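Summary of structural features
One letter stands for each residue in the lines below.
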Amino acid sequence: MVVHFVIAMVFFSFICDVVGYFTCNAHLFEVGFWNMFVAAIAIFVAIIFGQFEAGLAQIYPAVQPTLNFHTLMGWSLGAIIAIITAWRFVIRNRNPRKVPPAYLGAATFLVCLVLLQIYLGSKLFWVYGLHVEPVVEAMKQRISP
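Residue numbering note: each chain is counted from 1, following its sequence as written. The predicted origin of the model limits local features to residues at a pLDDT of at least 70 and limits the giving and counting of side-chain atom pairs to 80 or more, whereas totals for whole chains, interfaces and linings rest on all residues. Neither water nor hydrogens contribute to the side-chain values; these are computed over all heavy atoms in the structure.

We now examine the packing of aromatic side chains. Under the pairing criterion, centres of Phe, Tyr and Trp rings, with the six-membered ring standing for Trp, must be within 6.5 Å; the plane angle then separates stacked pairs below 30 degrees from edge-to-face pairs above 60, leaving the rest tilted. Within this structure, the stated rule accounts for eight aromatic pairs. Centre to centre, the rings of Tyr 21 and Phe 22 are 5.2 Å apart; their planes meet at 90°, and the pair counts as edge-to-face. Seen from their ring centres, Trp 87 and Tyr 103 are 5.4 Å apart, and the 75° between their planes marks the pair as edge-to-face. Placement of Trp 87 in helix 3 (residues 64–94) and of Tyr 103 in helix 4 (residues 101–127) is noted, with a sequence separation of 16 residues between them. Counting every residue linked through ring pairs, the aromatic cluster contains Phe 33, Trp 34, Phe 37 and Phe 89. Numbering of helices and strands starts at the N terminus; helices are DSSP runs of H or I of at least 4 residues and strands are runs of E of at least 2.

In C-alpha cells form, the structure reads like this:
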C-alpha cells in the first residue's frame with residue numbers, strides 16, 4: 001500500500017510542477033513541493049516494508065536477478081527522491097513562484113525511474129508470482145514454477 005502512495009505522490013508532484021511551470025501558478029508549486037516532501041519520507045517506509053516482504057517471499061533462482069535489481073532500484077530511488085526533495089526545498093526557499101527547467105528535467109528522469117521500478121515490481125508479481133497464493137503453494141510442495 002505504501003509503495004502505491006509513494007508512486008502517486010511522485011507523479012502528482014511532477015504534474016503539479018509541470019502545470020505550474022506553464023501556468024505560472026505558485027499554488028501548484030506549493031502542492032508539488034509538499035507531495036515530493038511526503039514521498040521522500042514515505043519511500044523509506046516503503047523500502048523497509050519491501051525488504052521485509054522480500055524476506056518472506058519464496059524465492060527461486062529465476063526470480064533472483066529481477067528481485068535484486070528491484071531492491072537496488074528501491075534504495076536508489078530513496079536516495080534520489082531525498083536529493084531531489086532537498087533541491088526542491090532550496091528552490092522553494094529562493095523563489096516559491098518559479099521552478100527552473102533543470103529541476104523539471106530531473107523530475108522527468110525521476111518519473112522514468114519510478115516507471116522502471118513499477119515495471120520491475122509488476123514483473124515480480126505477474127511474471128514470477130511472488131506472493132501469489134498458487135505459486136506459494138507450489139513452492140511449498142516443491143513444484144517448480
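It is worth spelling out the nonpolar core at this point. The nonpolar side chains of a soluble globular protein tend to be buried, and buried together. Membership of the largest hydrophobic core comes to 26 residues, with the highest contact counts inside it found for Val 6, Val 10, Ile 81, Tyr 103 and Leu 110. Of all elements in the fold, only helix 1 (2–23), helix 2 (26–56), helix 3 and helix 4 reach the threshold of two or more residues within this core. The residues contacting Ile 81, other than those within four sequence positions of it, are Val 10, Met 36, Ala 39, Ala 40, Ile 43 and Leu 110. In this structure, Val 63, Leu 67, Leu 124 and Tyr 128 belong to the second largest nonpolar core, which totals seven residues. Nine residue types can take part in a nonpolar core, namely buried Ala, Val, Leu, Ile, Met, Phe, Trp, Tyr and Cys, and a core is a set of them joined through side-chain atoms within 4.5 Å. Only protein chains enter the accessibility calculation, which uses a 1.4 Å probe; a residue is then buried when its area is under 20% of its type maximum, exposed when over 50%, and partly exposed in between. Contact definition: two residues touch when any of their heavy atoms are within 4.5 Å.

What counts as a salt bridge is simple: a side-chain nitrogen of Lys or Arg found within 4 Å of a carboxyl oxygen of Asp or Glu. Applying the stated criterion across every chain, the model contains two salt bridges. For Arg 88, the salt bridge goes to Asp 17, with nearest N and O atoms at 3.2 Å. Placement of Arg 88 in helix 3 and of Asp 17 in helix 1 is noted, with a sequence separation of 71 residues between them. Exposure remark for Arg 88: the relative accessible area of 2% places this residue in the buried category. Among the residues examined, Asp 17 registers a relative accessible area of 1% and is labelled buried. The salt bridge partner of Glu 30 is Arg 92, with a shortest N-O separation of 2.7 Å. One end of the pair, Glu 30, is in helix 2; the other, Arg 92, is in helix 3, and 62 residues separate them in sequence. Glu 30 sits in the partly exposed class, given a relative accessible area of 28%.

It is worth stressing that arrangement in space is one thing and function is another; only the former is reported here.
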